[in-house]
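# Remarks on the overall topology
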Amino acid sequence: MKIQKIKLGFEIKTGKEVEIAPSHLIVTGLTQEAGKTTTLESLIKRSKKRAIVFRTKIGEKSFLEGTKIPPYFKDRSDWQFIQGLVEATIKEKLRSWDRSVIIRLSKQTGGNSLLDFKKKVDERLETPKLNNFERDILTNLQAYLEIVLPKLQSINFSSKLELVEGLNIIDLERFSRDPEVQSLVISSVVEEVLNEFKDVIIVIPESWKFLPQKRGNICKLAIEEFIRQGATNNNYVWIDSQDMSNVDKVPLKQISTWILGYQSEKNEVKHTLDQIPLPSKSKPKPEDIMSLGLGIFYLATRERTIKTYVQPFWLDDSRSKKVALGKLKVSELDAPEKLTPFKVAMKQPEKITEKPSIDFQETSKRFQKELTEMRHDFFDKFGEMQEQINKTYVEIYNIKNQPKQEFDEEVFLGKVLQKLPTSSPASVTPVSVDKESIIKDVLSRMPTQVGANVYEVAPLVKITKDFLEEAKNKIISHIEKLDDKQKRMLKWIEQNAKNTKRNEIFLNCFGKSATSGSAYTELAKKVLEMKQLEIIRVDTAQRIFPHLKERITDLIKQYKATDEEIENVYNHVLMEMIK
Ligand SMILES: Nc1ncnc2c1ncn2[C@@H]1O[C@H](COP(=O)(O)OP(=O)(O)OP(=O)(O)O)[C@@H](O)[C@H]1O
Ligand SMILES: [Mg+2]
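Scope of this entry: the structure provided in the associated data block. As the structure is a computational prediction, the values presented were derived from the model and not from experiment. Per chain, residues are indexed from 1 in the order of the written sequence. By the order in which they are written, chains take letters starting at A while ligands take numbers starting at 1. Residues qualify for local features only when their pLDDT is at least 70, as the model is predicted, and side-chain atom pairs are given and counted only at 80 or more; totals for whole chains, interfaces and linings, by contrast, use all residues.

### What to know about the overall build of the protein chain
Selection rule: A run of DSSP states H or I qualifies as a helix once it reaches four residues; a run of E qualifies as a strand once it reaches two. Both are numbered from the N-terminal end. With C-beta atoms placed from the backbone, a residue is buried if 20 or more other C-beta atoms are within 10 Å of its own, exposed if 12 or fewer are, and partly exposed between those counts. A pair of residues counts as a contact when their C-beta atoms, built from backbone coordinates, are within 7 Å of each other.
In terms of regular secondary structure, the protein chain is built from 24 helices and 14 strands. Looking at the 579 residues of the protein chain, the share that counts as buried comes to 30%. For the protein chain, long-range pairs separated by at least 24 residues make up 68% of all intrachain contacts whose partners lie at least 6 apart in sequence.

Next comes the structure, spelled out in structure tokens:
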């Protein structure tokens, strides 16, 4: 099959057309003074291939003529990918033991979620028994993932790489401060093209950043692989780089086409020339490079080294040739107002007559497409925000909607009853004991008034209370029936509060005359009556003991009279006697 060559431009002095074979290539040269991007853009257009370029810097003006496609990123956590990430971060090959740790962690994730992998890393770091090397690796990975993951979540990546004809622009401007994220996207795209596409050119910008010499970068592995294997499917890498310092040398060795533009710094020129894997006779000399003008490059391949004027895509053949022949200066191509290349191109009558309407249509189509994409992007963002808000509301709803702590009266009462003191829980069923305690408690709090109490309680309690009333009344009526002498003696006995001989009582209550004779006999009889009423006690030696309180207690205690009630009745009886 005949290789479709790509026109580069015209040879200086001879004006011969210069072509290159499709291959991996590098364009070097000083910013704005060489014309690297113009060269690449022109080559892409003339190759008629699909190409992917990345916009990585804010305000980058190059490659504006393509179609912006959504960034593609394939979320992965398979061990090969993670190993690459680790080796990129620690910049050395993993030892087999640490590699097995990473493989094991990766395998726990299902292979397609960096976020899941991060969780595994977090978990693993919690384990106390980690050797220092593993801890270092995982801590590095954790830190790296903490940087990239939130950013990767923040935009809607396309899960499928869909390329249009011509220039496909992947805009990574918004990650211009996050080269890690840019690297992940670029490496993802590079791998996808390698595995799934044919005839695609990938332009790698700022190679010192994505193919760094001293640091690791996930892109490096992907690009190395792409350079090694891509050519078999006519997939090529084109590198845009000012010079070769700080660029990894390994992939450079595989590159066969070098397009060397103007450089001003001698060491950098030397450095660039040193990297070219060609015999020295095929290489230009440093002073050659340092005397180049805008748009003029040395093409260095295995076969030849040709000083060439690179034809910009916006310039016609004849004028390009004139520039190569020295008949037209590059500076003369610029409009005095420093119009952009597009505007210069539009000024060309040939171009205008060739396809003015098509150009117009294409431009408006492109704008339309961009507008639609922007609109989609805008609405996607809104969609995402809406989703976040919805999620928040769902959470709030869930919290609010949690089942309330139901008030179970039975359980509550049970708990309260358990806390109430019980007199003999072992012998009585807990419930009845509790009831009794409550009743007692309630009664003790009610104001008591002997004789006039009205008890509104449960029937059984009421009956008990009735008996209590009866007993109280009984003893009170006994006391009421005592004559004055008996009452006087009873009072004296009660106040004496200890046992006494009858004579002593009679003497103290009624004087000496009462201690003998009929008065004594009469009083002795009265004492006997009181003894029979059990309001005093008389022992075998005729000693008299106070017994009123005991009697009251005996009578009413059986009806569950409290000590307070007993005291009340006792006082009441004493009052009766004072009357
Ligand atoms: N072959 C050419 N003929 C005429 N003008 C050119 C040519 N190449 C580039 N220019 C002009 O030179 C300027 C810089 O070109 P370009 O953007 O391609 O440079 P660059 O090397 O990519 O710069 P940078 O490193 O900043 O990206 C542009 O205005 C462009 O129109
Ligand atoms: Mg450029």
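Having seen the structure, we can now continue with the description.
### A few points about the nonpolar core
Within soluble globular proteins, side chains that are nonpolar generally end up buried alongside one another. Put simply, the rule is: A set of buried Ala, Val, Leu, Ile, Met, Phe, Trp, Tyr and Cys residues, joined to one another through C-beta atoms within 7 Å, is what we call a nonpolar core.
Ranked by size, the top nonpolar core spans 91 residues in total, and within it Val 189, Val 190, Ile 202, Val 203, Ile 223, Val 237 and Leu 299 carry the most contacts. Take this core: its biggest share by element is eight residues, from helix α6 (residues 179-196). Membership of the second largest hydrophobic core comes to 21 residues, among which are Ile 535, Ile 544, Leu 555 and Val 569.

### Thoughts on the sheet that holds strand β3 (residues 25-28)
Put simply, the test is: Pairing between strands is defined by DSSP: at least two bridges between them are needed. Axis definition: a line fitted to C-alpha atoms, over the contacting stretch in the case of helices. Angles run 0 to 180 degrees between N-to-C directions.
Taken together, 11 strands build an open sheet; the order of strands is β2-β1-β11-β10-β9-β3-β8-β7-β4-β6-β5 and the sheet is mixed. Taken across any chain shown, the strands that pair with only one partner, and hence form the sheet edges, are β2 (17-20) and β5 (67-69). Here the strands of the sheet are splayed against their neighbours by 30° on average, with no regard to which way each runs. Looking at chain direction, β3 and strand β8 (residues 236-241) are connected through four bridges and run parallel. Counterpart to Val 27 in the pairing with β8 is Asp 240.

### Quick word on the sheet that holds strand β13 (residues 536-538)
Strand order in the open sheet made by the three strands is β12-β14-β13, with antiparallel pairing throughout. What marks the edges here is a single partner per strand, and that holds for β12 (500-501) and β13. Here β13 pairs with strand β14 (residues 543-546) via three bridges, running antiparallel. What sits directly across from Val 538, in β14, is Ile 544. Across the sheet, helix α20 (residues 484-496) is in contact with β12, β13 and β14; its angle to β14 comes to roughly 75°.

### As for unusual backbone geometry
The phi dihedral of Lys 13 is positive, around 75°, even though this residue is not glycine. With 10 C-beta atoms packed within 10 Å, Lys 13 lands in the exposed category. A positive phi angle is found at Asn 246, which is not glycine, with a value near 65°. Looking at the element boundaries, Asn 246 is found in the loop between β8 and α9 (249-252). Among the residues examined, Asn 246 registers 15 C-beta atoms within 10 Å and is labelled partly exposed.

### Looking at the site of ligand 1
Rule in force here: Whether a residue is near a molecule or strand depends on its C-beta atom, placed from the backbone, lying within 6 Å of it. Each residue gets one of three labels, nonpolar for Ala, Val, Leu, Ile, Met, Phe, Trp, Tyr, Cys and Pro, charged for Asp, Glu, Lys and Arg, and polar for the others, Gly among them.
Surveying the vicinity of ligand 1 reveals 16 residues, the closest of which are Gly 35, Lys 36, Thr 37, Thr 38 and Gly 295. Elements that contribute at least two residues to the shell around ligand 1 include exactly α1 (36-47) and α13 (330-333). For the shell around ligand 1, the leading source of residues is α1, giving three residues. Considering only residue class, the shell around ligand 1 consists of seven nonpolar, eight polar and one charged.

### Points about α1
Spelled out, the test is: Expected span of a helix: the number of residues minus one, times 1.5 Å.
Helix length check: α1, at 12 residues, gives a terminal C-alpha distance of 16 Å against a target of 16 Å (1.5 Å per residue), a fit within 8%. Those residues of α1 lying buried are Lys 36, Thr 38, Thr 39, Leu 40, Glu 41, Ser 42, Leu 43 and Ile 44. Looking one or two residues past α1, Lys 48 carries a phi angle of roughly 60°, positive in sign.

### Focus on the pairing of strand β6 (residues 167-171)
Burial within β6 is extensive, with four of its five residues counted as buried. Two strands pair when backbone bridges link them, and strand β4 (residues 50-55) and β6 are joined in this way by five bridges, in the parallel orientation. Bridge pairing in β6 places Val 53 opposite Ile 169. In this sheet, β6 lies alongside β5 in parallel orientation, the contact comprising three bridges. Directly across from Ile 69, in β6, lies its bridge partner Ile 170.

### Brief notes about the environment of Gly 111
Following the sequence through the fold, Gly 111 ends up in the loop between α3 (96-107) and α4 (114-126). The sequence separation of Gly 111 and Arg 76 amounts to 35 residues, and the corresponding C-alpha distance is 5.7 Å. If we ignore the near neighbours within four places in the chain, the residues touching Gly 111 are Arg 76, Ser 77, Asp 78 and Ser 106.

### Observations regarding the pairing of β8
Of all six residues that make up β8, six are buried, and the element is covered over most of its length. By the alternation rule, side chains of β8 split into Tyr 236, Trp 238 and Asp 240 and Val 237, Ile 239 and Ser 241, which are all buried. In terms of strand pairing, strand β7 (residues 200-204) meets β8 through four bridges, oriented parallel. Bridged to Val 203 within β8 is Trp 238.

### Overview of helix α10 (residues 266-275)
Quick reminder of the rule: When we speak of the arc, we mean the arc of directions from the helix axis to the C-beta atoms.
Within α10, the full set of buried residues consists of Val 269, Thr 272 and Leu 273. On an axial view of α10, the arc spanned by its buried residues comes to 95°, and they lie on one face. α10 presents Asn 267 and Asp 274 as exposed residues on the side facing more than 90 degrees away from its buried surface. On its buried side, α10 packs onto β3, β9 (257-260) and α11 (286-290).

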